[in-house]
Amino acid sequence: MDLIINLTLNGLATGMLIFLLAAGLTLIFGLMDVLNFAHGGLFAWGAYSGLWIYSQTGSFIIGIICAILTGFLLGIITEKWIIKPVYGNHVQQILITLGLMLVLSEMLKVIWGPNQITASPPDYLKGSWELGGVIIIKYRVFIILVGFLIFTGVQFLLKKTKIGLVVRAGVMNKEMVQALGINIQRVFMFVFMIGAGMAALGGVLLGPYSGVIHAGMGMEFAILAFIVVVIGGMGNFKGSVLAAILVGLSGSFMAYYVPDLSLAVNMLLMAIVLIIRPQGLFGAKG
Amino acid sequence: MNNDLLKLDKVETHIGQYHILQGVSFEVKKGEVTVLLGRNGAGKTTTLRTIIGLNPASKGSVTFKGEAIQSLPTYTIAKKGIGYVPEDQGIFAGLTVEENMRVAIQKDDEETAKRMDWILNLFPDLKRFWKKPGGLLSGGQKQMLSIARAYVNENELLLIDEPSKGLAPIVVEKVMDSIIQMKAETTIVLVEQNFMMASTIGDQFYIIDDGRTVSHGAMKKLKEDEEMKRKYLGIA
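Because the structure is predicted, anything quoted here is derived from the model rather than measured. (Residues numbered from 1 in each chain as written. Chains lettered and ligands numbered in written order. Predicted model: local features only at pLDDT ≥ 70, side-chain atom pairs only at ≥ 80, totals over all residues.)

1. Considerations on the overall build of chain B
Looking only at helices and strands, chain B has 10 helices and 10 strands in total. Taken against the 2.2 N^0.38 rule, which gives 18 Å for 236 residues, the C-alpha radius of gyration of chain B at 17 Å falls within 12% of a compact globule. If one aligns the C-alpha atoms of chain B with their principal axes, the spans along those axes are about 45 × 40 × 40 Å. Counting every position in chain B, which comprises 236 residues, the buried fraction comes to 42%. The long-range fraction of contacts in chain B, counting pairs at least 24 apart against all pairs at least 6 apart in sequence, stands at 67%. (Helix = DSSP H or I, 4+ residues; strand = E, 2+ residues; numbered from the N terminus. Rg over C-alpha atoms; globule rule 2.2 N^0.38 Å. Buried ≥ 20, exposed ≤ 12 C-beta atoms within 10 Å, placed from the backbone. Contact = placed C-beta atoms within 7 Å.)

And the structure:
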């Protein structure tokens, strides 16, 4: 039983990290019709900048805040100078964002060196609890809680605020939003910034979870995030969290029982969804 | 004194490689309903989209209240006081009727609240389905929602594109009545294929053919001009 609980917690924690990356990706695709292959780069930059600040200040919280701010800043720069000139042209978007992904990864090596960097949680998140004979690792619970908190916060933003309403309307019909007197470009930038911030948060949380970070981590997680976006429905925020949990759990269980198939099972899941329900399990742009 | 609220002067619009508008000129007087008539594909919808900035003019000028607006982004044009009801109604299908209205509201003040009350009294169905997603409304209800959304702000000009399209005759009558009531409050440019509706509501008409304005005058005159109706509108 304790094995099942631990695998479930592990899957949920991984799922939440993937969700933080996939949520921005799906919102950016839904609203702006942009496939951002550089999103994983923002995830890696969040990890490096946040953990560097953490190592300098000794405060994990300050590290997290700095990672999010780095994400915001890189998000604004990416949207304004890289994505904006290629709106509406998917081929150019793919090429330029893939190029940016490489630049972002290489820049990490230039600044922090090519070697892996180790990371560990702060003292108050180290160790575990024992509940009824089951060992529960504190940091995993922390990641699940943060993921849940972010999901609830973004849901609140989307459902209960005017800007959220505009974002949802923009996902459905951009032209009409503009014809109602709303500057959609500002909404684009806002969404990009939020998406990049979430990705960066995911990155900084991953460091102490996996124990090491490296420049290629963005691309590795971006693949999982793209799988999640396809399974959850492109542009569907709620779908992305459910699909991320599904991918996290299947990865966790498969890694234990059939390790050789742990990534393949996600690919298989995506292929099945694409064949049976091409709009994703939870529908596109919801 | 110049009474023109909107003026288009030799407007040309390209969409991709296609030269859709090739010289559209007309004036809209304050307080009137100006109807754009013409066959399918003549350029009527593109004319409205050019005014609101969704298909910006490549040549010529669009002047609203004396100010050139042809180079402004759509949201700025809309904020200047132009409401737009597109041909496909532009309803946000996943948002409720209430949310569709909330997205549209530019100023949360007493005047807007008054206008909201007025329009909801005109279209009680919207009140009835207030919490229902826009995508689940009937064609007529969607049209009402689209018109209500354009009207709720203090817009001086409404651009309404084929409000009767695809609607049952009884619903067309309801929509027509509502436009007649709105006429007392605002200026309207109406694109309409249904000549009965156009001639009932319209004060002035412009005929667009092959992307050019080819004729205009008082609607009363057109009603009696069988030759022009046959030539440009295909009405025998």
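2. Considering the overall build of chain A
The helix and strand inventory of chain A stands at 11 helices and 4 strands. Taken against the 2.2 N^0.38 rule, which gives 19 Å for 286 residues, the C-alpha radius of gyration of chain A at 18 Å falls within 12% of a compact globule. For the C-alpha atoms alone, the extent of chain A along its principal axes is close to 60 × 45 × 35 Å. Buried positions account for 49% of the 286 residues belonging to chain A.

3. Some points on unusual backbone geometry
Residues and elements named next belong to chain B. One non-glycine residue with positive phi stands out, namely Glu162, at about 45°. Since 22 C-beta atoms lie within 10 Å of it, Glu162 is described here as buried. Its identity as a non-glycine residue notwithstanding, Asp210 has a phi of 50°, on the positive side. Along the chain, Asp210 turns up in the loop between β9 (204-209) and β10 (212-218). You can call Asp210 partly exposed: it has 14 C-beta atoms within 10 Å.

4. Observations regarding the environment of Gly40 of chain A
Residue and element names in this part refer to chain A. Note that Gly40 resides in helix α2 (residues 39-57). For the pair Gly40 and Lys174, spaced 134 residues apart in the sequence, the C-alpha separation amounts to 26 Å. Excluding anything up to four places from it in sequence, Gly40 contacts Met101, Gly218, Met219, Phe221 and Ala222.

5. Digging into the pairing of strand β3 (residues 134-137) of chain A
All names here are of chain A. The sheet contact formed by strand β2 (residues 128-131) and β3 spans 4 bridges and is antiparallel. Pairing of Leu131 across the sheet is with Val134, part of β3. Between β2 and the antiparallel strand that follows it, β3, lie 2 residues; Gly132 among them carries a positive phi value of about 55°. (Pairing = 2+ DSSP bridges.)

6. A look at the UniProt feature "transmembrane region" (unreviewed entry) in chain A
Residue and element names in this part refer to chain A. This chain's UniProt record puts "transmembrane region" (unreviewed entry) on residues 12-30, 60-82, 94-112, 132-158, 187-206, 212-234, 241-258 and 264-284. Strand forms 0% of residues 94-112 and helix 100%; the C-alpha atoms that close the span are 27 Å apart. The straight-line gap between the two end C-alpha atoms of residues 212-234 is 31 Å; of that span, 70% is helix and 9% is strand. (UniProt positions renumbered as here; feature names shortened; annotations may be inferred.)

7. Section: the confidence of the model for chain B
Residue and element names in this part refer to chain B. For chain B, the mean per-residue pLDDT works out to 93, and 99% of the residues sit at or above 70. Of all the helices and strands in chain B, helix α10 (residues 226-233) carries the lowest mean pLDDT, 78, while helix α1 (residues 44-52) carries the highest, 98. Among the scores for the predicted complex, ipTM is 0.92 and pTM is 0.86. (pLDDT = per-residue confidence, 0-100.)

8. With respect to the confidence of the model for chain A
The predicted model of chain A has a mean per-residue pLDDT of 92, with 99% of residues at 70 or higher. Within chain A, helix α11 (residues 262-276) of chain A has the poorest average pLDDT of any element, 88, and α2 of chain A the best, 97.

9. Topic: the UniProt feature "domain: ABC transporter" (unreviewed entry) in chain B
This chain's UniProt record puts "domain: ABC transporter" (unreviewed entry) on residues 6-235 of chain B. Regarding residues 6-235 of chain B, the helix share stands at 39% and the strand share at 27%, and the terminal C-alpha atoms are separated by 29 Å.

10. With respect to the interface of chain B and chain A
Contacts between the two partners involve 18 residues from chain B, matched on the other side by 15 residues from chain A. Among the secondary structure elements, those contributing two or more residues to the side of chain B that touches chain A are α2 (74-79) and α3 (97-104) of chain B. The residue inventory of the side of chain B that touches chain A, partitioned by class, reads 11 nonpolar, 4 polar and 3 charged. (Nonpolar A, V, L, I, M, F, W, Y, C, P; charged D, E, K, R; others polar.)

11. Quick notes on the packing of helix α6 (residues 139-151) of chain B against helix α7 (residues 169-183) of chain B
Think of two packed helices as two axes; the pair is described by the angle between the axes and how far apart they sit. Residues and elements named next belong to chain B. The N-to-C vectors of α6 and α7 enclose an angle of 10°; their axes lie 10 Å apart at closest approach. The angle between the axes of α6 and α7 places the two elements in the roughly parallel class. Residues Gly140, Gln143, Ile147 and Tyr151 of α6 form the contact with α7, whose own contacting residues are Val171, Lys174, Val175, Ser178 and Met182. Its residues assigned to classes, the contact of α6 with α7 shows 5 nonpolar, 3 polar and 1 charged. (Axes fitted to C-alpha atoms, helices over the stretch in contact; angles between N-to-C directions. Parallel < 35°, antiparallel > 145°, perpendicular 65-115°, else oblique.)

12. Side note on the environment of Asn236 of chain A
All names here are of chain A. Looking at the element boundaries, Asn236 is found in the loop between α9 (217-232) and α10 (237-257). A residue is classified by how many C-beta atoms lie within 10 Å of it, and Asn236, with 26 of them, is buried. In the structure, Asn236 is positioned 46 residues away from Phe282 in sequence and 7.2 Å away in space, judged by C-alpha atoms.

13. Overview of the packing of α2 of chain A against helix α4 (residues 90-112) of chain A
Residues and elements named next belong to chain A. Between α2 and α4, whose axes approach to 8 Å, the crossing angle comes to 20°. In terms of axis orientation, α2 runs roughly parallel to α4. Crossing of α2 over α4 shows left-handed handedness. Every residue of α4 that contacts α2 at Gly40, Gly41, Ala44, Trp45 and Tyr48 is listed here: Leu100, Met101, Leu104, Ser105, Leu108 and Trp112. Tallied by class, residues from the contact of α2 with α4 come to 8 nonpolar, 3 polar and no charged. (Left-handed = near helix turned anticlockwise from the far one by under 90°.)

14. A closer look at the nonpolar core
Formed by 153 residues in total, the largest nonpolar core has its most connected members in Ile18, Ala225 and Val228 of chain A together with Leu159 of chain B. Sort the elements by how many residues they give to this core and helix α1 (residues 2-32) of chain A lands first, with 16 residues. If we ignore the near neighbours within four places in the chain, the residues touching Ile18 of chain A are Phe221, Leu224, Ala225, Val228, Ala244, Val247 and Gly248 of chain A. (Core = buried A, V, L, I, M, F, W, Y, C linked by C-beta atoms within 7 Å.)

15. Things to note about the pairing of strand β6 (residues 82-85) of chain B
Residues and elements named next belong to chain B. Neither face of β6 is left uncovered, since the one carrying Ile82 and Tyr84 and the one carrying Gly83 and Val85 both have all their residues buried. Pairing analysis gives 4 bridges linking β6 to strand β7 (residues 157-161), with the strands arranged parallel. Bridge pairing in β7 links Tyr84 to Leu159.

16. Describing α11 of chain A
Residues and elements named next belong to chain A. Given a rise of 1.5 Å per residue, 15 residues ought to cover 21 Å, and the 22 Å separating the end C-alpha atoms of α11 matches this to within 8%. Restricting attention to buried positions, one finds in α11 the residues Asn266, Leu269 and Val273. Projected down its long axis, α11 carries its buried residues within an arc of 55°, all on one side. Residues of α11 that are exposed and point more than 90 degrees away from the buried face comprise Ala264, Met267, Leu268, Ala271, Ile272 and Ile275. Tucked into the core, α11 has its buried residues touching α9 and α10. (Expected span 1.5 Å × (residues − 1). Arc of directions from axis to C-beta.)

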